[in-house]
Amino acid sequence: RRIDYTEKHTAAYASDWLLLGICYCRRCGSRLTSVYGGRYKGKTYMYYGCAAERDKKFAAMRGISCDVVKIKRDDLEAAVLGEIRKLALDPAYIERMKAEKAKEEPDERPALRAQLEKLDGQISRLLDLYADGAFSVDVLNEKTERLREARQNVQNRLFSLDSVKSPSDEENARKALLSFSDAVNSFDKPRLKMLIRALISRIEYEDGELDIYWKFN
């Protein structure tokens with residue numbers, strides 16, 4: 001879903017970080033963390049930002065490179081709450097999502113695992129060549145960057161396929177939806193956080209694009 005930056009949301013959502021711990025960068029797989037952008041004319045600017053993009057030195061040590069642009073906290077939280085609101089207004093949507101899931105293509109996990117093994121082998125060979133003095137660390141980083149990015153994309157896809165859904169997930173989701181509107185209207189942030197986590201296992205963001213992995217689907 002592409003985020004609509006014109007979507008209305010209130011300043012009340014700025015009191016807590018609703019999505020920390022379940023929100024990840026879709027490009028590199030790192031968590032999104034809180035970013036304070038300073039104050040201007042009495043207003044504090046706050047964002048969700050990729051941890052790898054913020055700490056490039058630490059990311060480089062882990063072989064990660066990322067330049068995902070941070071997003072305003074209010075925009076991301078409002079977009080996620082908007083998607084939950086759609087479910088609250090149309091509970092039958094859960095059944096439709098489950099039916100669509102059942103029609104999906106055959107299991108692609110074996111092919112993805114084989115792809116992971118192949119990428120790991122390619123990275124390992126490059127590291128061996130570097131250890132033998134075949135090229136410099138700059139060349140190594142250049143050669144491995146694309147492989148690591150491809151590996152992370154495959155890993156993210158496997159994560160979404162391997163997420164086990166239990167019967168209680170759907171029951172908890174329905175209970176959370178019943179309480180959602182009340183929690184929003186009362187601006188009860190701790191309760192909203194709890195409800196979000198009852199509905200969503202993982203959120204991935206990249207430059208205006210948002211993927212939500214629901215616990216019931």
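Scroll up for the structure.
Note that this is a predicted model, so its numbers are computed, not measured.

Asker: I tried to follow the pairing of strand β6 (residues 209-214) on my own but got confused; where do I start?
Answerer: Consecutive side chains along a regular strand alternate between the two faces of the sheet. Residues Leu-210, Ile-212 and Trp-214 of β6 are buried on one face, while the alternating residues Glu-209, Asp-211 and Tyr-213, pointing to the opposite face, are not. Judged from the six bridges that link them, strand β5 (residues 200-206) and β6 form a sheet pairing that is antiparallel. Opposite Ile-203, over in β6, you have Ile-212 as the bridge partner.

Asker: Which parts of the structure should I look at to understand the layout of surface pockets?
Answerer: Any empty space left between the atoms is revealed when a probe the size of a water molecule rolls over them. The computed volume of the second largest pocket comes to approximately 330 Å³. Taken together, 17 residues line the second largest pocket, and the ones lying closest to its centre are Gly-63, Ile-64, Arg-148, Glu-149 and Gln-152. When contributions to the lining of the second largest pocket are tallied by element, the ones reaching two or more residues are α5 (109-131) and α6 (137-162). The dominant element in the lining of the second largest pocket, judged by the number of residues it contributes, is α6, at five residues.

Asker: I keep staring at a negative patch on the surface and nothing clicks. Help me out?
Answerer: A cluster of like negative charges, contributed by Asp-138, Glu-142, Glu-145 and Glu-149, occupies part of the molecular surface. Along the chain, Glu-145 turns up in helix α6.

Asker: How should I be thinking about the pattern of salt bridges in this particular structure?
Answerer: Two side chains with opposite charge may pair up if their charged atoms get near one another. Tallied over the entire structure, the rule returns eight salt bridges. Residue Asp-207 is joined to Arg-27 by a salt bridge in which the shortest nitrogen-to-oxygen separation is 2.6 Å. Separated by 180 residues along the polypeptide, Asp-207 in the loop between β5 and β6 and Arg-27 in the loop between β1 (23-25) and β2 (32-40) bring together distant segments of the chain. Relative accessible area serves as the criterion here: at 18%, Arg-27 is assigned to the buried category. Here Lys-86 and Glu-83 are joined by a salt bridge, their closest N and O atoms 3.1 Å apart. Here Lys-86 pairs with Glu-83, and both are found in helix α3 (residues 73-89), just three residues apart, close to one helical turn. Looking at Lys-86, the relative accessible area reads 47%, which means it is partly exposed. Linked by salt bridges that have partners in common, Arg-26, Arg-27, Asp-67, Glu-206, Asp-207 and Asp-211 make up one network.

Asker: It is not clear to me how the sheet that holds strand β4 (residues 71-72) should be interpreted in this structure. Could you clarify?
Answerer: Within a sheet, each strand pairs with its neighbour through backbone hydrogen bonds, oriented either parallel or antiparallel. If you walk across this open sheet you meet the three strands as β2-β3-β4, and the pairing is antiparallel. Bordering the open sheet on either side are β2 and β4, each of which pairs with just one other strand. In terms of strand pairing, strand β3 (residues 43-50) meets β4 through two bridges, oriented antiparallel. Counterpart to Tyr-48 in the pairing with β4 is Ile-71.

What counts, and at which threshold
Throughout, a residue's number is its position along its own chain's written sequence, starting from 1. Predicted model: local features are reported for residues with pLDDT of at least 70 only, side-chain atom pairs are reported and counted for 80 or more only, and whole-chain, interface and lining totals are derived from all residues. Water and hydrogen atoms were dropped before computing side-chain values, which therefore reflect all heavy atoms in the structure. A simple rule labels every residue: compare its accessible area, found with a 1.4 Å probe on the protein chains alone, to the largest value its type can have, and call it buried under 20%, exposed over 50%, or partly exposed in between. Helix numbering and strand numbering both begin at the N terminus, where a helix is a DSSP run of H or I of at least 4 residues and a strand a DSSP run of E of at least 2. Pairing between strands is defined by DSSP: at least two bridges between the two strands are required. Any residue with an atom within 4 Å of a point lines the site, the site being either a cavity, points on a 1 Å grid over the protein atoms alone where a 1.4 Å probe fits but cannot get out, or a pocket, an open set with protein on both sides within 12 Å along at least 5 of 7 lines. Grid points are joined across faces, edges and corners, and a volume is the space filled by probe spheres set on the points. Put simply, a patch holds well-exposed residues, over 30% relative accessible area, that have no salt bridge, with like charges counted together within 9 Å and Val, Leu, Ile, Met, Phe, Trp or Tyr side chains within 5 Å. Shrake-Rupley sampling with a 1.4 Å probe provides the accessible areas, and residues are treated as covered by the protein chains on show and by no other component. Criterion for a salt bridge: a side-chain nitrogen of Lys or Arg within 4 Å of a carboxyl oxygen of Asp or Glu. Here Asp and Glu are counted as negative and Lys and Arg as positive; His is not counted, and neither are the chain ends. Throughout, a charge is located at the NZ atom of Lys, the CZ atom of Arg, the CG atom of Asp or the CD atom of Glu.

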